[in-house]
Amino acid sequence: MPLPVRAAADRGRHQRLAATVRQLPADPALRSEYGRAGRRRVLERFTWGRVAAATEESSQSVVAARVPMAATP
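Points about the overall build of the chain
Okay, so step 1: Counting its secondary structure elements, the chain contains 4 helices and 0 strands.
Okay, so step 2: Along the chain direction, N to C, the helices and strands of the chain fall in the order α-α-α-α.
Okay, so step 3: When the 73 residues of the chain are sorted by exposure, 10% land in the buried category.

Remarks on a positive patch on the surface
Okay, so step 1: On the surface, Arg36, Arg40, Arg41, Arg45 and Arg50 cluster together to form a positively charged patch.
Okay, so step 2: Of note, Arg40 is situated in helix H3 (residues 28-45).

A short note on the confidence of the model for the chain
Detail in the predicted coordinates should be disregarded across regions flagged by low pLDDT.
Okay, so step 1: When the pLDDT values of the chain are averaged, the result is 81; 74% of them are 70 or greater.
Okay, so step 2: Mean pLDDT in the chain bottoms out at helix H1 (residues 5-10), which sits at 62, and peaks at H3, which reaches 91.

What counts and what doesn't
- Residues numbered from 1 in each chain as written.
- Predicted model: local features only at pLDDT ≥ 70, side-chain atom pairs only at ≥ 80, totals over all residues.
- Heavy atoms only, no water.
- Helix = DSSP H or I, 4+ residues; strand = E, 2+ residues; numbered from the N terminus.
- Buried < 20%, exposed > 50% of the residue type's maximum accessible area, 1.4 Å probe, protein only.
- Patch = residues over 30% accessible without salt bridge, like charges linked within 9 Å, V, L, I, M, F, W, Y side chains within 5 Å.
- Areas by Shrake-Rupley, 256 points an atom, 1.4 Å probe, with all protein chains shown as cover.
- Salt bridge = Lys/Arg side-chain N within 4 Å of Asp/Glu carboxyl O.
- Lys, Arg positive; Asp, Glu negative; His and termini not counted.
- Charge placed at Lys NZ, Arg CZ, Asp CG, Glu CD.
- pLDDT = per-residue confidence, 0-100.

Laid out in structure tokens, this is it:
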């Protein structure tokens, strides 16, 4: 079975990625497998709780890096 699309792309194997994508129209089982894997990844990584945590973390890093403004005369 070919590497998952992301793994192929991450490794810079553009030909492998293209070959995998070309297989999808003719392979319902592969499409289904990738669809389930994609849904699972979204549910694991992009819940509202995770989005909120990432937003909070990002906001805290901005506040921590903030340079105090000079007082205006």
